[in-house]
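The lines below spell out each chain.
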Amino acid sequence: MTGLAATSPACCPTAECVSVGTASGHIYFIDLTQKELPCPVHRVHLYRVPVEHLQYDQGGSFLISEASDSHVFVLDARPSKMFEVIRYTEAAGSVVDLSSLYNKDSKQVNVLVLSAGNKENCVKEGSCLEIFMLQAQLLKEYTKTTDKLHMGNTVCLQLLLYLNARSIRNKEATVLVCDYDIEKVLQLQSHSSRLSGPVALAFSLDSQTLLTTGLRDGALVCVQFRFKTGAMTKASIASDYGQSVEGLLGTSVLTETAALRELPEWAAPSQTPPGSALWEQQEEEDVEIVFFAFQLLYQSTLIVPLSWPRLVTRDAVWSCLIRTRAAPACPRPHLQMAPGLNRGWRSVSQNRREEGRTDMAKAVNEEKKQFAEERQTMRNDIKQLRKTIQDMMNENNTLPENEKLQLWEFNLDIEEHKRMEAKIEDEVARVRNEMELQIEAYCYEYDVIKRECWDSMKVKGRAIKAFHQEDEVKNYPMKERTQREMEELERVKTLRRIEQADLSIVEDESKTAPQKDEDEGGEEAESPALMGSLSAQCGVLSPDLYNQFELHTREQKINQIILLQDVIHNVKMAFNEEFDAVYKQKEEEMNRVKEKNRRIVEIMGDLGLKEMLWEPTLSVNERPERLFTVDDSEIKVEKCHTPEQKLKAEELAKTEEQRRLAAKGVNARENALDDMMGGVLDLKKEDILKTEIPQPEFMSKPEVQWTEEEKKGFKEYEKKVKELKEEQEKYRKALEAELKKLQTSIKDATQAFDETLDRLAERKLQYEKAICQEELKIANLVYSTDMEEKLVIREKQLNHKLEQTRKIKQDIAEDLKKHKEDVDAFRETYDNTVAEDKLRDRGFRKDFFDVPGHVVEDLYKLFKRRPRVQKMRTENSSPFKDRAGSATAPDEGLSQLMRAMEELDVPENIPQGVDLAVWERFCLARRAKVESEHQVQQKALTLAEMQAFLQRRTEEDDSARKEIQNLTDELNGIRENIIKFQADPVVHLFMKQGQVEVQTGNFIPDYSNCVLIDRSVVEDLNRTIKALGKQKISSMVKTKDIHKDIAHKEWQQKKMQMQTDDLNHKIRDIQMMRVSREMQAYLSETDYDNNLSKQISNMKKTLSMQEKIHKKKVNKVKKSVQQLIRQTAQKAQDSATLDQQLQNMMISVAEKRHICDAIAVEQNQESSAEERYKDILQRKRLVDLAKAQAQEVAILRAEVERLRMKTFPALD
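Nothing here was measured: the structure is a model prediction, and the numbers come from that model.

Draft legend 1. Expanded view of the overall build of the chain. Scanning the chain for helices and strands turns up 23 helices and 23 strands. The proportion of buried residues among the 1212 residues of the chain is 29%. Summed over all atoms, the accessible surface of the chain reaches about 84,600 Å², with 54% contributed by carbon and sulfur.

The following block contains the structure:
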C-alpha cells in the first residue's frame, strides 16, 4: 500500500479511520469503512526520523504525534479538515510515552508527555512529566507547564483518566496501579520477568478493566478490578462518564465517517512494477501496515515473532484476520502498540531493507527457478484445500442453527484448535459453577419463602374453582397466633368480664325504672346498631365487646382493638370451616365423576364411540402444594444426563425388562386364557356386541348345490343371526340410555356444586363486609388513640410553657411596679430642681439692685451667655440602678463647663461701669446658674431614659400577657378536643333504607353536619304528614269529580251541536241534488235489469262480429307483407348488379379525369396565381377592417368603463 514499514498505529474515536506512523516520518491515514478493503486516503510528512508515538484524545478532536527528535505535533483529527497540522512544541528530552486527559464539560484536553528530561540522555527512562493544554476553540492559545516527576527505571506510563489513578510498568515486570497522588498503590504481576515483562498497557473505557501485552511471551492479559464498597461510587461515576463520552461521539462519528468516505484514495508518487524484488519487499512492508490497521480494527493483539514479516504473504495475513474475527470476543479497550514492539518491528524492517538492496533480486530469481515445481504444487494443494474448506463452510451455512459449526472450528491450526477447546471447557466449567451457585441461591430463597409464607401458616391459602364457570372462591390464609397475643387476649377478656360483673351489680342496686324499660334497654344493648358489627350474622358472638357509646378512656379503646382483632380471627375461622366443607364436597364430587367416567369409558368402548371425555382436575390454586414439586412436563428443555446417569438408566431398563419377561413366563396359563377367551371362562353380557355367529361351511358352496339339511341349517343360522342382532340392538339402546343418564347426572351434580359455590361466594361477601367493618372500627380507634396521645403530649408542653411564661410575667410586673415608683419620685425631684432654676433667673435683678439699670441689662446679657463645650453622655444599661456614687464623684461634664467659664470670668470681660466687687459677685451668681442648668439637663436626660425603659418594660409585660392568653386559648382548644375524642367517639350504625336522609354525592356521603335523632320524632312527623296528605287528596278528588262533570257536560253540548250541523248539511244536500237521465230511467222503468241484460247480449254479438272481420284483415295484410318481401329480394339483386356496373363506370371516369387534369395543368397554374393574388388582397382588406373594428371596440370599452365608474359613489 505505502511501501514503508509501520512503527506506531492509533485508532480514531470519531471516524472509522486508523493513523499509522512509518519509519520515514510519514503519518498515513487509512480508511476502514470497508473492512475487507482498507485504503490510505491521506499522508502527512512531519519528521525525518521514524514516528514513535501517536495518540488521539478521547474527544476525537486532536491527534498528537512524537518522534525520536523530541518534537511533538498536534493535528486536527477530523477527516473533514483533511488532518491539518495545528500546533507544534518540543519536549525536554526523548519522549517515552504520551497520554491525554479529556474534559467533556470544558472541551479541554490536557496532554501529558513523559520524557527523559535531557536530550543527551540516550537511555529512555522517564524522569520528566510535561503537561500542556489544548482548547477546543481552534487552539488559538495554549499554555505549557513543566512538572518533574522522578521515577527510577520507568519505561511506560498510562493514566487512568476517570478514577484519578495511573498505572506504571517497570523493569521488574510488575504493573503498579496507583492513585493520582501516588498514596495508594496496587501491584500486579501480569507477565513473566524472564520474558521482559509487559510492554504496553491500556484501560477500558469504563476504567474497570486493564489490558497488558507482553514483550516476548505473546500474551494479552485482561485484569478486572473489584472495587470495595467505598469505591463503588467512583466506579459508577467512571462508568457513567464513559457512557456519556460515547453519547457525545455519536453524531461526530456519523459526520466524520461520511466525510471520510468522500475522500479519494491516496496514490503513491511512483509505482514499482510487480514481480521485482523491490515489489516483493514493498508487498511485505504493506502487509505490516495492513496488519496494524486490522489489529486496531478488531481490537485484538496478534503477537508474532519478529522474523514473521519475511515469511508473511497476503493470503497468510487474511487467514490470520479470519482467525482473529472468529475468535471469542475479549474486552474492547482503546489499545495502542507498545513502543518496544514498534522498535522491534522498525529494526527488523530496516535490516531487511539494507540486506535486500544488494542480493534480493538475485536470490529471488534463483529461488523461483529452483522451487518452481514445488511452489506450483503447493499452490494447487492450497487452492484445493481452500475450495474444500469453502465447500464445507457453505454446507455448514445451510445446516440448522443447532447443527452449525462455529467459524473457529474450521481453523486448521491444531494448537489453536486445542487451545480454543480448552478455553471452551474452562468456560463451560465456569458457567456450570455459576449455575450451581445460582441454584443454591434459589434453593435458599425457596426455603426462606416456604418457611415464612407456607410452613408458618396455620391455615394454608387455597381456592375452590367452579366446574363450568370461571368463578373462584379463596379462603383466608391465617398464621398461628403467638403465646403473647393469646395471653394479652385472655387478660383483656378477664378484665372485661370483671367490668361487666361490676356493672351488673351497680345496675341491680340502682334500679328505678320499670321492668319494661329495662327490657328495652337490654335489647338496645344487644342490638347490632349499638355494636356496629355484622359478626353475629356470620355466627360469631362477641359478648365481651364494649358498647360503642361507652368507649371513653384510652385503655378501653386499646382493649376494644384487641377484642375486635379476635372477632376478625373468629370470623375468618368460621368462613374457613365452611370453605373446608365445600372443598371436601368438591373432592367427593370429583371422585364420583371419575367413577362415572370409568363406566362411561367402558360403555363408549362397547359402543365403539371416540369422543373427548371431560375429566375435572384441581388447579394449582386449589392444590398449592403442587408448586413445591416440579413435574417432568413442566421442563420445556431437553434434560441433559451425565454418562453415569445414562448407565444407571440403562441398567434400570434392563432390570425392568427381565422382571417383565419373568412374570410373563410364570403366568403362561393366564396369558393363554387371555388370548383365547379374554381372560374369562363364561361369556359376559358386555361381550354380546362383539359376539358373532360363525357361518356354516356349506355357505361357501353355490346355493343350488345345497341339500335340504343344509337349507334347514341356513334358516336356523339366519334365525340365530336375527335374534343376536335384536339382542345387540336392545343392549346397545340400554348402553346409550345408561350413557346419557351418566352424563346427565355428572352435569347436574357439577351444576349443583357450582350453585353451592355461588352461595359460598355470596356468603364470603358477607364475611368480607363484616371483616371490613371491624377493620374500619379498628382504624378509627387507632386514629382516636393516636390523636388523643398527641393532644395529651401537646397539653403537657403547653402547660409547662404556660407556667414559665407566668413566672416571667410575674417578675416583669414586680419590676414594673418598682420602676413606676422610682419614676414618680425622680419626677418630683426634677420638678423641684426646675423651679429652683427659674427662681434664680427671676431673682437676678433683685440681687443687683444697687447697680444702675443699663448696667444690669448688660450684666443680664452676660448672665445668659454660655461657653461652647462638647456635650458628653454616659451610657447606662438601666437608669434605675443606684446613683448615689455618681453624686459624690466629680462630674466630668460640669468640670469641663467650669473650666470654660473661667475664660468668661477674666477681668478683661468686665463691661464699663462695673467695679471689681460687683463683677466677682456676678461671676459667682452666673456659676451658680450654670450649675443649676447643668443639673436640670442631667435630670431631664435621666428622666427621659427612665420613662423609655419603663415603656419597654410595659410592652414586655403586654407581650407576656398576650402570650399567656394565646397559650390559654390553645390549651382550652386542646382540652376541648381531648374531651371530644373521649365523649364523642366515632360509632358505626346500620341504618335501613329510608332512615338516612343525607344527600349523597359522587363518593362517600358527608355526615359531619348530620344529626342523629330518635325515630319516634320522625314517625310522628310522618303520621302528621300522612294525615294532611289524605285530607289534601280527598279535597283534590272532589275537585277532580267536579271538573270531570263540567267537562262531560261541555262534551255533550258539543256533540249535540255537531249532530245539528250534520242534519242541516244532509237537508241541504238533498235539496241541491241533480238527477240524470240514467237515474230517471232507473227510477221510471220497472224491469231495469232485464233491459240491461239484453244490451249486454247485443254488445257481445257485435264484438264477435268485429273479431272475425279483424282476422280477415290480418290475413290480407300478411299476404301483402310476403309479396313485399319477395319484391325486396328482387330489388336487392337488381341493386347488386347496378353496383357492379357503377364501379366499372367510376374506374373509367377516374382514368378520363387524370387525362384531363394532365392536359389542363398549365391553364390551372395561371388561374391559381391570379386566385392567390385576389385572396391576398381580400385578406389585407379584412385585416385592416379587423384592426379598425378592434380600435372601435377598445374605445367603446373605455367608454363603458367610464360610465360604469360614474355609477359608484365618490368616497372623498
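Back to the write-up after that little detour.
Draft legend 2. Quick look at the pattern of salt bridges. A complete count under the given rule lists 33 salt bridges for this structure. With a shortest N-O distance of 3.4 Å, arginine 827 and aspartate 824 are connected by a salt bridge. Note that arginine 827 and aspartate 824 are positioned in helix H14 (residues 708–842) at a spacing of 3 residues, about one turn of the helix.

Draft legend 3. Representation of the packing of helix H11 (residues 554–607) against H14 in the model. Across the interface, H11 lies against H14 with an axial gap of 9 Å and an inter-helix angle of 170 degrees. If you check the angle between H11 and H14, you find them roughly antiparallel. Tallied by class, residues from the contact of H11 with H14 come to 28 nonpolar, 10 polar and 19 charged.

Draft legend 4. Here's a closer look at the nonpolar core. In this structure, Ile464, Phe575, Leu757, Leu760 and Tyr767 are the most contacted members of the largest nonpolar core, which totals 37 residues. Looking at this core, the elements that each hand over two or more residues are helix H8 (483–509), H11 and H14. A total of 13 residues in this core trace back to one element, the largest contributor, which is H11. Sequence-distant contacts of isoleucine 464, defined by excluding residues within four places in its chain, comprise Asp471, Glu472, Val473, Phe579, Val582, Tyr583, Lys586, Glu622, Phe753, Leu757 and Leu760. Of all hydrophobic cores here, the second largest spans 22 residues; its members include Ala10, Cys39, Ala77 and Leu263.

Draft legend 5. Highlighting the confidence of the model for the chain. Chain-level pLDDT for the chain is 76 on average; 77% of the residues reach the 70-or-more range. Here residues 138–169 is modelled with pLDDT under 50, and outside its nearest four sequence neighbours on either side it reaches 118 contacts, counting other chains as well. Ignoring residues within four places in sequence, the model shows residues 513–530, a span with pLDDT below 50, making 13 contacts including any to other chains.

Draft legend 6. Region of interest: the sheet that holds strand E19 (residues 220–224). Ordered by their spatial adjacency, 3 strands build an open sheet running E17-E18-E19, and the pairing between neighbours is antiparallel. Each having just a single partner strand, strand E17 (198–203) and E19 make up the two edges of the open sheet. If you compare each strand with its neighbour and ignore which way they point, the axes differ by 20 degrees on average. Two strands pair when backbone bridges link them, and E17 and strand E18 (residues 209–214) are joined in this way by 5 bridges, in the antiparallel orientation. Looking at E18, one finds that leucine 201 is bridged to threonine 212.

Draft legend 7. Molecular detail of the sheet that holds strand E8 (residues 85–90). Taken together, 4 strands build an open sheet; the order of strands is E5-E6-E7-E8 and the sheet is antiparallel. Of all the strands in the sheet, just strand E5 (51–56) and E8 have a single pairing partner and so form its edges. Here the average twist between neighbouring strands, direction ignored, is 20 degrees. Pairing between E5 and strand E6 (residues 62–67): 5 bridges, direction antiparallel. Residue pairing in the sheet places histidine 53 in a bridge with glutamate 66 of E6.

Draft legend 8. Up close: the pairing of E5. Extensive coverage of E5 is indicated by the burial of 6 of its 6 residues. Between the end of E5 and the start of E6, which pair antiparallel, lie 5 residues, with glycine 60 showing a positive phi angle near 75 degrees.

Draft legend 9. Molecular detail of H8. Taking 1.5 Å per residue as the helical rise, H8 with its 27 residues ought to reach 39 Å, and the 39 Å between its terminal C-alpha atoms agrees with that figure. Listing the buried residues of H8 in full gives Leu489, Val492, Lys493 and Arg496. Taken together, the buried residues of H8 touch H11.

Draft legend 10. Representation of the side chain of lysine 939. Position of lysine 939 relative to the elements: it lies in helix H19 (residues 916–983). No salt bridge forms around the buried lysine 939; measuring N to O, its nearest opposite-charge neighbour glutamate 836 is 7.1 Å away. Apart from residues lying up to four places away in sequence, lysine 939 is in contact with Phe826, Thr829, Tyr830 and Thr833.

Draft legend 11. Layout of the packing of aromatic side chains. Under the defined criterion, the tally for this structure stands at 11 aromatic pairs. For the ring pair tryptophan 454 and phenylalanine 628, a centre distance of 5.2 Å and an interplane angle of 65 degrees mean the geometry is edge-to-face. Taken together, the residues tryptophan 454 in helix H7 (residues 414–455) and phenylalanine 628 in the loop between H11 and helix H12 (643–666) connect sequence positions 174 residues apart. With a relative accessible area of 16%, tryptophan 454 lands in the buried category. Since its relative accessible area comes to 29%, phenylalanine 628 is described here as partly exposed. On the basis of an interplanar angle of 80 degrees and a centroid distance of 5.9 Å, the ring pair of phenylalanine 467 and tryptophan 614 is categorised as edge-to-face.

Draft legend 12. Here's a closer look at the side chain of threonine 22. Counting through the fold element by element, threonine 22 comes out in strand E2 (residues 17–22). Among the residues examined, threonine 22 registers a relative accessible area of 0% and is labelled buried. Separated by 3.2 Å, the side chains of threonine 22 and serine 24 make a polar contact.

Draft legend 13. Just the environment of glutamate 755, in detail. Within the element layout of this structure, glutamate 755 appears in helix H14. Each C-alpha atom of the pair glutamate 755 and alanine 466 lies 8.9 Å from the other, and the pair is 289 residues apart in sequence.

Quick notes on the rules
- Residues numbered from 1 in each chain as written.
- Predicted model: local features only at pLDDT ≥ 70, side-chain atom pairs only at ≥ 80, totals over all residues.
- Heavy atoms only, no water.
- Helix = DSSP H or I, 4+ residues; strand = E, 2+ residues; numbered from the N terminus.
- Buried < 20%, exposed > 50% of the residue type's maximum accessible area, 1.4 Å probe, protein only.
- Areas by Shrake-Rupley, 256 points an atom, 1.4 Å probe, with all protein chains shown as cover.
- Salt bridge = Lys/Arg side-chain N within 4 Å of Asp/Glu carboxyl O.
- Axes fitted to C-alpha atoms, helices over the stretch in contact; angles between N-to-C directions.
- Parallel < 35°, antiparallel > 145°, perpendicular 65-115°, else oblique.
- Nonpolar A, V, L, I, M, F, W, Y, C, P; charged D, E, K, R; others polar.
- Core = buried A, V, L, I, M, F, W, Y, C linked by side-chain atoms within 4.5 Å.
- Contact = heavy atoms within 4.5 Å.
- pLDDT = per-residue confidence, 0-100.
- Pairing = 2+ DSSP bridges.
- Expected span 1.5 Å × (residues − 1).
- Lys, Arg positive; Asp, Glu negative; His and termini not counted.
- Phe/Tyr/Trp six-rings, centres within 6.5 Å; stacked < 30°, edge-to-face > 60°.
- Polar contact = N/O pair within 3.5 Å; in protein donor to acceptor, adjacent residues only side chain to side chain.

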